[in-house]
There are 2 protein chains.
Amino acid sequence: MHGTDGSARAGELYTAHGTIPTPIFMPVGTQGTVKALCPEDLTQLGARIILGNTYHLYLRPGDEMIARRGGLHRFMGWDRPILTDSGGFQVFSLSGLRKLTEDGVAFSSHIDGSKHLFTPEKVVSIQRNLGSDIMMVLDECVPYGADYDYTKKSLGLTTRWAARCRAAYPQGSGTQLMFGIGQGGFFKDLRQESIRQLLDIPFDGYALGGLSVGETKPEMMDILYHSAPLLPGEKPRYLMGVGTPLDIVRGIDAGIDMFDCVLPSRNARNGTLFTSHGKVNIKRAEYTEDDATLDPQCTCYTCRNFSRAYLRHLYQAKELLSYRLNTIHNLAYFLRVVTDARQAILDGTFQSFKARFEAVYDT
Amino acid sequence: MHGTDGSARAGELYTAHGTIPTPIFMPVGTQGTVKALCPEDLTQLGARIILGNTYHLYLRPGDEMIARRGGLHRFMGWDRPILTDSGGFQVFSLSGLRKLTEDGVAFSSHIDGSKHLFTPEKVVSIQRNLGSDIMMVLDECVPYGADYDYTKKSLGLTTRWAARCRAAYPQGSGTQLMFGIGQGGFFKDLRQESIRQLLDIPFDGYALGGLSVGETKPEMMDILYHSAPLLPGEKPRYLMGVGTPLDIVRGIDAGIDMFDCVLPSRNARNGTLFTSHGKVNIKRAEYTEDDATLDPQCTCYTCRNFSRAYLRHLYQAKELLSYRLNTIHNLAYFLRVVTDARQAILDGTFQSFKARFEAVYDT
């Protein structure tokens, strides 16, 4: 740990493809590409690690095919670290007919309806084929609104699956790291219980799953601030699938080190851009003749070269360049949030840094 | 003129935004962007001049709006030369209900059905607002199959419109160049007559229009080789909207200096890629596990970094990066064709250069 400011932590994460400063934001590269960007763009943006989706890559082009290409890094031309999720979340959110048993989760592909089974051992095998730097265990992401009994039963299954994942790839058996995932829904004692059970298994890091699934912000923050301190302090802590710039700053405040979210890239494609003055919906008529830079405090390629008027035109004309320039900017913004947060922690000014975000964003 | 080899010419074209070596290929930037690429990409590809479409930019975002932004160069962040067409071709190919009179052509927008009128004076005014380096005159692109009488009558109108365009912007009245366009369909005497009439008007360059409109290759080549030598030798000669790599090489052989075509970028988005060994349809199953570079003789970003297997995966997954990487490669290929052709002309080896293309491509 390089420094702390309250619960906020500035550290480093060591992986087979290099050391990553934390806190860190991981752009999402669902299908072997961060949508609209090439690896050179990501490097220029300062991305230090990206996320790959096991569910998608398993279905297409297939993890074994990627293994024959030398792994995901080589296949997609990215030589910095990659974290892969377990695929569980996509099975629950994207795939058709699914059936959960002690053994694993059976599902049908959202692409062609074909039948598949993810077991803990299978998702480890897939992630070994992908050759990611950090593997995630298979878990059940409990839907928002699940009751206490269901959630309690589910977290037991998540723990048993976590143990089977670890057994399929014991600590120290290779260069890939493996993180456990705490569940427990929106019940504080179950969150505590889930993490307590996980701590019996030797993982290289610990994540919080099952947040940003439909709950209100106060509910999310309540669980976040309750659970983050329960994760071991000497290991990286990862808040999965979260979130807005303010969510991330609050996550850092709660002691989280790692974040991923499709929000910056997906919103970019929908024309919603994050700036130091808040969100800009670039399709709005008010930007038609706006010659200003999107965000005067941003130094990304988009802000250095183009006006809001041009970005609006590209969006209105549905030009491919719109997706690219907007994605570049939003990812630059999210990456700067965590970089600036790290500096604020080291400077001991994190609380005023956080207050700035609370002044700009209300969610 | 730096050199000739038979009728093929290696020269230079002087514009307000710099000097261009010829022969040259102009990537098409329809709506203020070469689809999927940013200006930095084009510069890295070695593009020296791009084409902007008057019809599209007039309708959206509007030429007056672009003028208020300081012109098209500044609006889109491109500081090298731009040629704009007159919009006539798109009126005939894209717009709805149109009516041709001596005055001009009335049409309805393909975007919202609104009514518009392009006169020679209007398209010059639009192109002045856009601030292109080279303006094209309004012409009627006679459809393939038009009979002799219609074509003869039409070329007279095209000449009168050309004279009105020139009168609206007399030679030397500004830094923008203006090119005339010869028509005449597929009748050699009418091609000759059209060019003869145009030569009475002082233009900075001369183009052949109305080719690649549905005719067979032999028909196109017959008219091309007949007409190109009729264009004045001391001025740039431009073959509009053509064509395949072999078309371009043959155009150069006929004495043409400038080319534009949507083919490389449109085909890129459809997965058809041009290589030194011919066309590659990247969606074919045979490339699923092909670790080779798309074109081993190419040094573009795509070929330096990615395999055919990865390009096929991106195409199959409909990833935005597919459009970008494919476009980069195809434009690199087309730009190399003209660069290599120029060198071959200077080396006096153009005929063997041309023979190589005839061996690889049959059309």
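In this report, the structure presented in the accompanying data block is examined. (Residues numbered from 1 in each chain as written. Chains lettered and ligands numbered in written order. Predicted model: local features only at pLDDT ≥ 70, side-chain atom pairs only at ≥ 80, totals over all residues.)

1. Structural notes on the overall build of chain A
Consideration 1: Counting its regular elements, chain A contains 15 helices and 17 strands.
Consideration 2: Against the compact-globule benchmark of 21 Å for 363 residues, chain A has a radius of gyration of 20 Å, which places it among compact chains.
Consideration 3: With the C-alpha coordinates aligned to their principal axes, the bounding extent of chain A is approximately 60 × 45 × 40 Å.
Consideration 4: Considering chain A as a whole, with its 363 residues, one finds that 56% of them fall into the buried category.
Consideration 5: Residue pairs at least 24 apart in sequence account for 67% of intrachain contacts in chain A once pairs closer than 6 positions are excluded. (Helix = DSSP H or I, 4+ residues; strand = E, 2+ residues; numbered from the N terminus. Rg over C-alpha atoms; globule rule 2.2 N^0.38 Å. Buried ≥ 20, exposed ≤ 12 C-beta atoms within 10 Å, placed from the backbone. Contact = placed C-beta atoms within 7 Å.)

2. Points about the nonpolar core
Consideration 1: Membership of the largest hydrophobic core comes to 221 residues, with the highest contact counts inside it found for F179 of chain A together with F179 of chain B.
Consideration 2: For this core, the element with the most residues is helix α14 (residues 320–347) of chain A, which contributes 15 residues.
Consideration 3: Among all residues touching F179 of chain A, those that are not within four sequence positions of it are I134, M136, F203, D204, G205, Y206, A207 and Y238 of chain A. (Core = buried A, V, L, I, M, F, W, Y, C linked by C-beta atoms within 7 Å.)

3. Quick notes on the interface of chain A and chain B
Consideration 1: The interface is formed by 31 residues belonging to chain A together with 31 residues belonging to chain B.
Consideration 2: For the side of chain A that touches chain B, the secondary structure elements donating two or more residues are α3 (63–68), α4 (72–76), α13 (308–316) and α14 of chain A.
Consideration 3: Its residues assigned to classes, the side of chain A that touches chain B shows 16 nonpolar, 7 polar and 8 charged. (Nonpolar A, V, L, I, M, F, W, Y, C, P; charged D, E, K, R; others polar.)

4. Some points on the relation of the copies chain A and chain B
Consideration 1: The transformation that overlays chain A on chain B combines an axial shift of 0.0 Å with a rotation of 180°, and the residual RMSD is 0.0 Å. When the rotation and shift are considered jointly, the pair of chain copies conforms to a two-fold rotation axis. No C-alpha of chain A lies nearer the rotation axis than that of L320 of chain A, which sits 3.8 Å from it.
Consideration 2: Mapped onto chain B, 100% of the interface residues of chain A again fall at the interface, so both copies present the same surface. (Least-squares fit on C-alpha atoms with pLDDT ≥ 70 in both.)

5. Overview of the pairing of strand β9 (residues 105–108) of chain B
Within a regular beta strand, the side chains point alternately toward one face of the sheet and then the other, so they alternate between its two faces.
Residue and element names in this part refer to chain B.
Consideration 1: What you see with β9 is a clean split: V105 and F107 sit on the buried side and A106 and S108 on the side with no burial.
Consideration 2: Of the strand pairs in this sheet, strand β8 (residues 96–100) and β9 are connected by 3 bridges, and their pairing is antiparallel. Counted as the bridge partner of G96 is S108 from β9.
Consideration 3: Counted along the chain from β8 to the antiparallel partner β9, the turn is 4 residues long.
Consideration 4: Looking at chain direction, β9 and strand β10 (residues 115–118) are connected through 4 bridges and run antiparallel. Within β10, the position partnered with S108 by the bridge is K115.
Consideration 5: The antiparallel pairing of β9 with β10 creates a hairpin that spans 6 residues between the two strands, and G113 there sits at a positive phi of about 80°. (Pairing = 2+ DSSP bridges.)

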